[in-house]
Structure formats: structure tokens, C-alpha cells
Amino acid sequence: MEDKQIIEDINREFYDFRYEETEENTFRLESGLTPEIVSKISDEKGDPDWMREFRLKSLELYNYLKVPKWGPSIDGLNIDNIATYVRPKTQMSGKWEDVPDDIKETFEKLGIPEAERKSLAGVGAQYDSELVYHNVQNEVSKQGVVYLGFEEALKSEEWGPMVKEYFMTLITPKDHKFAALHGAVWSGGSFVYVPKGVHLSFPLQSYFRLNARGAGQFEHTLIIVDEGADLHFIEGCSAPKYNEANLHAGAVELFVKKGAHLRYSTIENWSKNMYNLNTKRARVEEGASIEWVSGSFGSHVSYLYPESDLVGRGAKSEFTGITFAGAGQELDTGAKMVHLAPDTSSLISTKSISKGGGVSIYRSAVYIDKNATGSKTSVSCESLMLDSESRSDTIPSMVIKTDECDVGHEAKIGRISNDAIFYLMSRGIPEDEARSMIVSGFANPVSKELPLEYAVEMNNLIKLEMKGSM
């Protein structure tokens, strides 16, 4: 075998297994986006009248709004070739043994049941457009915590009114074209409500697997953490690779009430044929805080900028993220912090790695309103390019409406230092191992913020095989 002279891309073969669709195991609506298709989705899901009307109005907005021009090109995405609703022919189950064997094997390979047994308070597993498994530990339910599939909550007499009150009020169909698309064709996702003062000692988790080719996944996550409560929610995503475009346009709406705390951790490992156009937003009230921890490793193109709206005095938000862009990838990621109240604070800390012609773009926006006196924000972005073909761009935006605030920003872009490699080699460490150590150390501030099993997954994803020199 020839020596490898370059750093290899992340090996995603572990995630590339898939099961072929058949008429016996899969229901699929025709590709494209029309009022008839949207109505069929509504029929399939048994939507209440208000939701059917919401979908059709969202479709009208989608047809009116323009495709964003400021980010990486998404010309390779043609919605006429995307099936917006694909589901396995099975019902959601609360018992793992009742899940169909092929789907069960998929999630077992991804480690979902094992993680549930070891360290999770509740798990939801979505396969294509629908949840296939959902379970919450008894002690969590006894605390009054509600963790339901989104459709189940929507149709519930007890929780349906809350869903209607909050659904797509943070992320509205008017926000951008793909928010409107989501409003029209959303399917699956999670609803979480944590009562006042309840502190969950173990995380809740949702895992989204898109198995179908030429399809989209549009799950909706709605989380409400009531006053003084505390929650850690984990989101994982993956898909096998196809030679045609797939689309992910989910939406995450997070409401963090007075004095509450939410940590939202995500590892996205989509395949390289995926267009990841996800939207995430949080509303943080007085004395409340949110922590975003994000790892973005897959997709052909990503647009992903979680937003925190700090609406109450003393509200806080921290965003810690890492991206890895290999050959054929343009990952446009970052965060947005909106300070609307006094004494609010935000921190953005990101790392990006690019190689093989991959493009990592850091894009952030910080807005401090004239009423947000005494607010503080700090932005730090670091980029590591592993070869001369790769690119890393930093595009920060800051709009400051008051002089009574503290604002800081720093950006670093560079390559692996030859001096650092020489130093490690002089201590007896082989060159390929020395490079791996440097990259792992670069990513460590993010991985240490993740739960153990996700830190292991992230470290596996960024483990680089090297031999020889670059």
C-alpha cells in the first residue's frame, strides 16, 4: 500500500449503511411541492384545521420568497426532485422490541438503545418523516416533564393548546424561504415541557435518521423550559450517502423562561449529498441562560446559525461550535445573538477545520439594542486549514445601538505550525501522530463540552489518518 501523503477526509462509512425502499415497507408521496402534496401531508397526519391552513399559507410564502443569494450556492437543490414526505409503514412504539427489524438494526448500529439504557432520561428516534420509537423514563414522567412526539402533542387535549400558542412564533414562515418550506411540509420532531423548578439530572435525546434517497426531512422541535427549571437536550443526525440531493430543513424553537437553564447539544453528521438548511432559535427571559454546543461535520452545503434572543434583564447565551469541511463541502455556520434587554451577555466561540478544497465560512451577527445597556458580548473564531486548497472565511457583523456596553471580537486563521510538528517529533512522536494530536487539541474545547458518548463520536469523526508530510 502506498504511503498517504495527505490528510484524509472523515470516514463516514459507519453511517452509510441503508435499507432499500419497497412498497411493502415504505410510503412515499410524489416528489415536488404543490398545494395538493401539502394537503396530502395534512391528510396523512390528520392535522387540525388550523394546521392545514397554516401549511397552505406557508406554501404561498415559499413560492413568493426568493432563494438566499448571500451564502454558498444551492443551485444543485431542486425541490421538484425532493419527496417531502416518506415514512416507514409502521406505527410509533414505546417498546423497542416492536420496532421493525431493519429500522431497529439501523438505530442499534448508531448506538441509540445502548445510550438510552446507560445515561438518558428519554429518547425519540425519527426515521425519514416520522418518529418510530419514543420512550421516557418513569421517574422523569413523575416529575411532570412532558416529552412527546410533535404530532402526539399537537393532537393532545392537554398539550395541543400550548403547541398552537408557541408553534412557529419564534421562527415564522416569513423569516426566509426555507422557514416557509418548513411551515408547509414539517413532519415529526419533539415537544418538551419542563415544569417550574424541575431539574433533570439526565439528558433527553432525539435522533434523526434520513434513510430515503431524494427526500427531505423537516422535523419540528419545540422545547419550553419553565421558570427555574433545568434541561439538557441532545440532538443527533445522520444519513447514508446517495448520488442525488437530499434536503434537511428542520426547525428548533426554544423557550427558556425566567431563571431557567437549557443546554442544547447537537452533532450533525449528514452525508455529502445533503443540503442542510436548518433554522434554530431561542427566546431567553430574565435571568435565564442557554448553552448551544454544536458539531457540524456533514452535508454538501450547510446554512446553520442558531439565534438567541435575549429578551429579559440578565439573560445569557453561550455558543460553542466546531465544523469540519472536506472535499466538496461548503459549511456556512455561526451564531446570532440579539440583546434586547439590559445587562444581558453572550459568548460565541467557534472552531473550524478545512481540507481537500473544503470551505468553512464563519458567519455571525451580534445586535445590541439601545435599551440593552450594560450588556456584554465576546466573539472568538479560530480556523485551521490543513492544505493549500482549502478556504476559511470569517464574516462577522455587529450592530451596536448603545455606548453602554462591552464588545470584543477576535479571529484567527492559520495552518498547522511546522515548529509545533518539529517540536513533537523531537520528542519521539511520529509526524502523522503529531498532526493528529494538534488537530485533536484544537477541537478539544468543543468535545469536552459534550456528553461522553457524543464526545467520543465527535473525536471519531475528526480523527485523521496521516502518514508522510503534506
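A brief report on the enclosed structure follows. Predicted, not measured: the structure shown is a model, and the values here were computed from it.

### A short note on the packing of helix α1 (residues 35-45) against helix α2 (residues 49-64)
Okay, step 1: Between α1 and α2, the least distance of the axes is 10 Å, while the angle of their chain directions is 155°. Relative to α2, α1 is oriented roughly antiparallel. Judged by the sense of rotation from one axis to the other, the crossing of α1 with α2 is right-handed. Contacts between α1 and α2 pair Pro35, Val38, Ser39, Ile41, Ser42, Asp43 and Lys45 from the former with Arg52, Arg55, Leu56 and Leu59 from the latter.
Okay, step 2: In terms of residue class, the contact of α1 with α2 is made up of 5 nonpolar, 2 polar and 4 charged.

### Details of the environment of alanine 249
Okay, step 1: Tracing the chain through its elements places alanine 249 in the loop between β11 (246-248) and β12 (251-256).
Okay, step 2: Residue class for alanine 249 comes out buried when judged on its relative accessible area of 0%.
Okay, step 3: Taking the C-alpha atoms as reference points, alanine 249 and leucine 277, 28 residues apart in sequence, are found 4.9 Å from one another.
Okay, step 4: Residues within four places of alanine 249 in sequence aside, it is in contact with Phe178, His182, Gln217, Phe218, Leu277 and Asn278.

### Structural notes on the environment of glycine 189
Okay, step 1: Examined against the element boundaries, glycine 189 turns out to sit in strand β6 (residues 189-194).
Okay, step 2: Note on glycine 189: relative accessible area 0%, which makes it buried.
Okay, step 3: Measuring from C-alpha to C-alpha, the distance between glycine 189 and threonine 221 comes to 5.2 Å, with 32 residues separating the pair along the chain.

### Digging into the packing of aromatic side chains
Okay, step 1: In this structure the tally under the stated criterion is 13 aromatic pairs.
Okay, step 2: An angle of 70° between the planes, with centres 6.2 Å apart, marks the rings of tryptophan 50 and phenylalanine 167 as edge-to-face. Remark: phenylalanine 167 occurs in the loop between α7 (160-166) and α8 (177-185) and tryptophan 50 occurs in helix α2; sequence separation between them is 117 residues.
Okay, step 3: Look at phenylalanine 150 and phenylalanine 167: their rings are 5.7 Å apart centre to centre, the planes differ by 45°, and that puts the pair in the tilted class. Of this pair, phenylalanine 150 sits in helix α6 (residues 150-155) while phenylalanine 167 sits in the loop between α7 and α8, placing them 17 residues apart in sequence.
Okay, step 4: In this structure phenylalanine 150 comes out as buried when scored by relative accessible area, which is 0%.
Okay, step 5: An aromatic cluster of three or more residues is present, and its members are Trp50, Phe54, Phe150, Phe167 and Trp186.
Okay, step 6: Across the ring face of tryptophan 186, the terminal group of lysine 45 is positioned such that the distance to the ring centre comes to 5.8 Å.
Okay, step 7: Directly above the ring of tyrosine 62 sits lysine 177, whose terminal nitrogen or CZ lies 3.9 Å from the centroid.

### A closer look at α8
Okay, step 1: Of all the 9 residues making up α8, 9 are buried; the element is thus mostly covered by neighbouring parts of the structure.
Okay, step 2: All of the buried residues in α8 are Lys177, Phe178, Ala179, Ala180, Leu181, His182, Gly183, Ala184 and Val185.
Okay, step 3: Among the structural elements, α1, α2, β9 (220-225), β11 and β12 are those in contact with the buried residues of α8.

Criteria and cut-off values
- Residues numbered from 1 in each chain as written.
- Predicted model: local features only at pLDDT ≥ 70, side-chain atom pairs only at ≥ 80, totals over all residues.
- Heavy atoms only, no water.
- Axes fitted to C-alpha atoms, helices over the stretch in contact; angles between N-to-C directions.
- Helix = DSSP H or I, 4+ residues; strand = E, 2+ residues; numbered from the N terminus.
- Parallel < 35°, antiparallel > 145°, perpendicular 65-115°, else oblique.
- Left-handed = near helix turned anticlockwise from the far one by under 90°.
- Contact = heavy atoms within 4.5 Å.
- Nonpolar A, V, L, I, M, F, W, Y, C, P; charged D, E, K, R; others polar.
- Buried < 20%, exposed > 50% of the residue type's maximum accessible area, 1.4 Å probe, protein only.
- Phe/Tyr/Trp six-rings, centres within 6.5 Å; stacked < 30°, edge-to-face > 60°.
- Lys NZ or Arg CZ within 6 Å of the ring centre and 35° of its normal.

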